[in-house]
Amino acid sequence: GTGSGYYMYVDGSTEGLVAGSAAMISSPVFDRGDEICAQVWFYMRGEAVGEFNIYQTQPGQENTLKWTRKGGEDSRWETTMFPLDQVEQYQLKFQAIVTTPGANHIAFDDVQVLNADCSISGACTFANTYCSSTNSLADTADWLQQPNY
């Protein structure tokens, strides 16, 4: 990420987590624009850290998996880009699934939706806010906000 501001993370050592514990956080609903791709910075620390999934969904519809990563081979910040479906309204949903509770983390930061020439048309750095995102109450783990160091 940018190295400043805040990021969102799931702490695998949180008391009460068991294998399969999941956390989902949803962006606000976006109206269709010229955006055709999304970029997200992510970090997965720990050998059996789990799974990080990113979905795109339309209000009232099923989630569409856009990107996934299992394991945390490198334990460093990385970036990914994926195409967005061209729909009237959509949300991005970020899900962490804990494989083995312990000293591991799944984190994400600096979410951007990009138009064809890749100029930034929207961004979320989680600086002092959840960026109107909603932490799901229907799961068994939570996303936490953490300052970048």
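Keep in mind that this is a model prediction, so the values were computed, not measured.

A. Structural detail: the packing of aromatic side chains. Evaluation of the coordinates by the stated rule reveals 9 aromatic pairs. Note on Tyr-7 and Trp-77: the rings are 5.4 Å apart at their centroids and 80° apart in plane angle, and the pair reads as edge-to-face. Of this pair, Tyr-7 sits in strand E1 (residues 6–11) while Trp-77 sits in the loop between strand E6 (64–70) and strand E7 (78–83), placing them 70 residues apart in sequence. What makes Trp-77 partly exposed here is its relative accessible area of 28%. Residues Phe-30 and Tyr-90 carry aromatic rings whose centres are separated by 5.4 Å and whose planes lie at 45° to one another, so their mutual orientation is tilted. Of this pair, Phe-30 sits in strand E3 (residues 30–31) while Tyr-90 sits in strand E8 (residues 89–98); the two residues are 60 residues apart in sequence, bridging distant segments of the chain. Among the residues examined, Phe-30 registers a relative accessible area of 29% and is labelled partly exposed.

B. Quick peek at the pairing of E6. Taken together, the 6 bridges between strand E5 (residues 50–57) and E6 define a ladder with antiparallel strand orientation. In the sheet register, Phe-52 faces E6, and the bridge partner there is Arg-69. Hairpin connection from E5 to E6: 6 residues lie between these consecutive antiparallel strands, with Gly-60 at a positive phi of about 80°.

C. Representation of unusual backbone geometry in the model. In this structure, Asp-110 takes a positive phi of about 50° despite not being glycine. Along the chain, Asp-110 falls in strand E9 (residues 105–115). Judged by its relative accessible area of 5%, Asp-110 is buried.

D. Region of interest: the pattern of salt bridges. Per the stated rule, a full pass over the model turns up 3 salt bridges. Among the ionic pairs, Arg-32 bridges to Glu-88, the shortest N-O distance being 3.9 Å. Here the residue Arg-32 occupies a position in the loop between E3 and strand E4 (35–45), and Glu-88 occupies one in the loop between E7 and E8, the gap between them amounting to 56 residues. What makes Arg-32 partly exposed here is its relative accessible area of 43%.

E. Quick look at the confidence of the model for the chain. Across the chain, pLDDT averages 81, with 82% of residues at or above 70. Below a pLDDT of 50 lies the segment residues 116–121, which in the model reaches 7 contacts outside its immediate sequence neighbourhood of four places, other chains included.

F. Seen up close, the nonpolar core. Phe-52, Phe-82, Leu-92, Phe-94, Phe-108 and Trp-143 are the most contacted members of the largest nonpolar core, which has 27 residues in total. Elements that contribute at least two residues to this core include exactly E1, strand E2 (22–26), E4, E5, E8 and E9. Per element, the largest residue contribution to this core is 5 residues, and it comes from E8.

Definitions and limits used
Residues numbered from 1 in each chain as written. Predicted model: local features only at pLDDT ≥ 70, side-chain atom pairs only at ≥ 80, totals over all residues. Heavy atoms only, no water. Phe/Tyr/Trp six-rings, centres within 6.5 Å; stacked < 30°, edge-to-face > 60°. Helix = DSSP H or I, 4+ residues; strand = E, 2+ residues; numbered from the N terminus. Buried < 20%, exposed > 50% of the residue type's maximum accessible area, 1.4 Å probe, protein only. Pairing = 2+ DSSP bridges. Salt bridge = Lys/Arg side-chain N within 4 Å of Asp/Glu carboxyl O. pLDDT = per-residue confidence, 0-100. Contact = heavy atoms within 4.5 Å. Core = buried A, V, L, I, M, F, W, Y, C linked by side-chain atoms within 4.5 Å.

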